[in-house]
Amino acid sequence: MHRVTALLASLALFVLAAGGVAQAAEPPKADPAKAEAPKGLFLLTDYPSQTVRVGEVTTVRVKLTNSGLPPEPVALALSGVPAGWKIDILGSGQPVAAAMPGVNQDVSLQLRVDVPKDAKPGSEKVVLSAKGPQSQVELPLTFTVGSETPAKLSLKSRLPSLRGTPRSSFEYTVSVSNDSGKDLTVALSAQGPANFQTTFTEGYGSNEISSIPIEAGQSKDIKVKVTPPRDVKAGDYPVLVRVAAEGATAELRVTLQISGQGKLALSTKDGRLSGEATVGKTSDYTLVVSNDGTAPIDEVEMSGSVPSGWKVEFNPKTIQSVAPNEKKDVQVQVTPSDKAIAGDYVATFRANGRGESSSADFRITVTTSTIWGIVGIGIIAVALLVLLGAVARFGRR
């Protein structure tokens, strides 16, 4: 007896020395990821109990799932449909009576519930059944007839204000939400300043639209493109985007922040782009540089292209700035080559500013010097005198 007591005491001291109380070993836990999925057919829907409206059509989305069974045709049926109601089973938008999901795959179905206008308030229970060779399943659904609620729309945009120039196209992405309980066809319109062009396209399309269908509780993105006139002045311009459907409306104000942009033009005071010049002599012309835009144009540099051997100079060569609606004169000196012959020539004059440019073709009619004309006449006169003298002298003999 003493030996047994001593042995137990020694065992207790050994356990305490090991640093804790001895516990029975636990069985290994099962891995949830390796648990076998249940086999069979399943009918699933997000909302098995819904409110429907008299005189309206409601769509219920259902999934038929095949978990681990061989693919075989599954018959679909409805029971408990109230008198006067019409409920169709649809697959890909068409009425169907059976479906065949693959192994571990789903088939999407829709129930189109058409509630008559004389339906009485209350709840109705309808059962959707799916029956296959090896198993069958039922999905109970509850439809509560409620009072009609008005349509409701909403609009929002992440970037309702954009900046650009008169040559820019302002494109806004707008989300249109159908917050009502029925599908709607939403009309699109916009109201902006005079001569502003507005068009609508789908979020990922290029075709222009004037309306868009949106399912109940869903939203769609549209693009609103606004093009201002080229001569618009700098400033902020609001455009009111409006959507409407069945008496419901929603509005969103977007803004175009248009910065000014210059527009160079090059001409002469009388608008005539032609002149005269003499071989080897400098001729002066006056060009007019104007800014028909809405913003100043800085550092406008003058340049030109003339026939080979000619010279061209500008005064001033560079204009520091041309304000909107301002005109500035530039003197240009053109010297034809000494070897030029009489005729018409074309010189091109250019004005280049920051981001803007303009050019004009200038026709120059070149004539020879009058001195050479006088010299020519003198030579002819001398020749005639010599000829007359010779005739008179030798004619007497």
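The rules behind these values
Residues numbered from 1 in each chain as written. Predicted model: local features only at pLDDT ≥ 70, side-chain atom pairs only at ≥ 80, totals over all residues. Heavy atoms only, no water. Helix = DSSP H or I, 4+ residues; strand = E, 2+ residues; numbered from the N terminus. Buried < 20%, exposed > 50% of the residue type's maximum accessible area, 1.4 Å probe, protein only. Contact = heavy atoms within 4.5 Å. Areas by Shrake-Rupley, 256 points an atom, 1.4 Å probe, with all protein chains shown as cover. Pairing = 2+ DSSP bridges. Axes fitted to C-alpha atoms, helices over the stretch in contact; angles between N-to-C directions. Salt bridge = Lys/Arg side-chain N within 4 Å of Asp/Glu carboxyl O. Core = buried A, V, L, I, M, F, W, Y, C linked by side-chain atoms within 4.5 Å. Patch = residues over 30% accessible without salt bridge, like charges linked within 9 Å, V, L, I, M, F, W, Y side chains within 5 Å. Polar contact = N/O pair within 3.5 Å; in protein donor to acceptor, adjacent residues only side chain to side chain. Phe/Tyr/Trp six-rings, centres within 6.5 Å; stacked < 30°, edge-to-face > 60°. pLDDT = per-residue confidence, 0-100.

**As for the overall build of the protein chain**
- Along the protein chain, the regular secondary structure elements total two helices and 28 strands.
- A burial count over the protein chain gives 33% of its 397 residues as buried.
- A fraction of 68% describes how many contacts in the protein chain between residues 6 or more apart in sequence connect residues 24 or more apart.
- Approximately 24,900 Å² of the protein chain is accessible, and the part contributed by carbon and sulfur atoms is 53%.

**As for the sheet that holds strand β17 (residues 219-227)**
- Strand order in the open sheet formed by four strands is β11-β13-β17-β15, with antiparallel pairing between adjacent strands. For this open sheet the edge positions go to β11 (153-156) and β15 (197-202), each flanked by a neighbour on one side alone. The mean inter-strand angle of the sheet, taken between neighbouring strand axes irrespective of direction, is 30°.
- Where β11 and strand β13 (residues 170-178) come together, four bridges link them in antiparallel fashion. Paired with L153 across the bridge in β13 is N178.

**A few points about unusual backbone geometry**
- Note that the residue after N315, namely P316, is joined by a cis bond; omega there is 5°.
- Here P316 lies in the loop between β24 (311-315) and β25 (318-322).
- One non-glycine residue with positive phi stands out, namely N195, at about 70°.
- On the secondary structure map, N195 appears in the loop between β14 (184-191) and β15.

**Some points on the pattern of salt bridges**
- A full pass over the atoms with the stated rule returns nine salt bridges.
- The shortest N-O distance in the salt bridge between D88 and R112 comes to 3.1 Å. Note that D88 is positioned in strand β5 (residues 86-91) and R112 in strand β8 (residues 105-114), a separation of 24 residues in sequence.
- What makes R112 partly exposed here is its relative accessible area of 35%.
- E251 is the partner of R242 in a salt bridge, and the nearest nitrogen-oxygen pair spans 3.6 Å.
- On the basis of relative accessible area, R242 is assigned to the partly exposed category, the value being 34%.
- E251 sits in the partly exposed class, given a relative accessible area of 49%.

**Here we look at the nonpolar core**
- Counting residues in hydrophobic clusters, the biggest one holds 29 residues, and the most contacted among them are V186 and L256.
- Mapped onto this core, the elements with two or more residues apiece are β11, β13, β14, β16 (211-214), β17, β18 (235-245) and β19 (248-258).
- With six residues, the single largest contributor to this core is β19.
- With sequence-adjacent residues up to four places away left out, L256 is seen in contact with L162, F170, Y172, F196, V226, P228, G235, D236, Y237 and V239.

**A closer look at the sheet that holds β16**
- The five strands lie next to each other as β12-β19-β18-β14-β16, forming an open sheet whose pairing is mixed. Either end of the sheet is taken by a strand with one partner, and the two such strands are β12 (161-164) and β16. Direction aside, neighbouring strands of the sheet carry axes that sit 25° apart on average.
- As paired strands, β14 and β16 are joined by four bridges and run antiparallel to one another. Across the sheet, L184 pairs through a bridge with I214, a residue of β16.

**Quick notes on a nonpolar patch on the surface**
- The grouping of I380, L384 and L387 at the surface amounts to a nonpolar patch, some 300 Å² of accessible area in total.
- Counting through the fold element by element, L387 comes out in helix α2 (residues 370-396).

**Examining the environment of T268**
- Turning to its location among the elements, T268 is positioned in strand β20 (residues 264-268).
- Distance in space between the C-alpha atoms of T268 and T286 is 6.3 Å, their sequence separation being 18 residues.
- Discounting residues that sit within four places of it in the chain, T268 has contacts with L273, T286, L287, V288 and F362.
- Among the polar contacts made by the side chain of T268, one reaches the main-chain amide nitrogen of G271 at a distance of 3.0 Å.
- A polar contact of 3.0 Å, which involves the side chain of T268, links it to the backbone nitrogen of R272.

**A word on the packing of aromatic side chains**
- Evaluated as defined, the whole model comprises six aromatic pairs.
- On the numbers, 5.0 Å between centres and 50° between planes, the contact of W310 with Y345 is tilted. With a gap of 35 residues between them, W310 in the loop between β23 (297-305) and β24 and Y345 in strand β27 (residues 343-352) connect regions that are remote in the sequence.
- Taken together, a centroid distance of 5.6 Å and an interplanar angle of 40° make the contact between F349 and F362 tilted.

**Brief notes about the confidence of the model for the protein chain**
- In this model, the protein chain carries a mean pLDDT of 85, and residues with pLDDT of at least 70 account for 85%.
- The model gives residues 11-26 a pLDDT under 50, and that stretch makes two contacts with residues more than four places away or in other chains.

**Considering the environment of V57**
- Mapped onto the fold, V57 is located in strand β3 (residues 57-67).
- With 29 residues separating them in the primary sequence, V57 and K86 have C-alpha atoms 9.4 Å apart.
- Setting aside residues up to four positions removed in sequence, V57 forms contacts with R112, V113 and D114.

**Quick look at the environment of D270**
- Here D270 lies in the loop between β20 and β21 (274-278).
- According to the relative accessible area criterion, D270 is exposed, its value standing at 57%.
- Taking the C-alpha atoms as reference points, D270 and L287, separated by 17 residues in sequence, lie 9.8 Å from one another.
- Within the local environment of D270, its side chain forms a polar contact with the side chain of T268, the two groups lying 3.1 Å apart.

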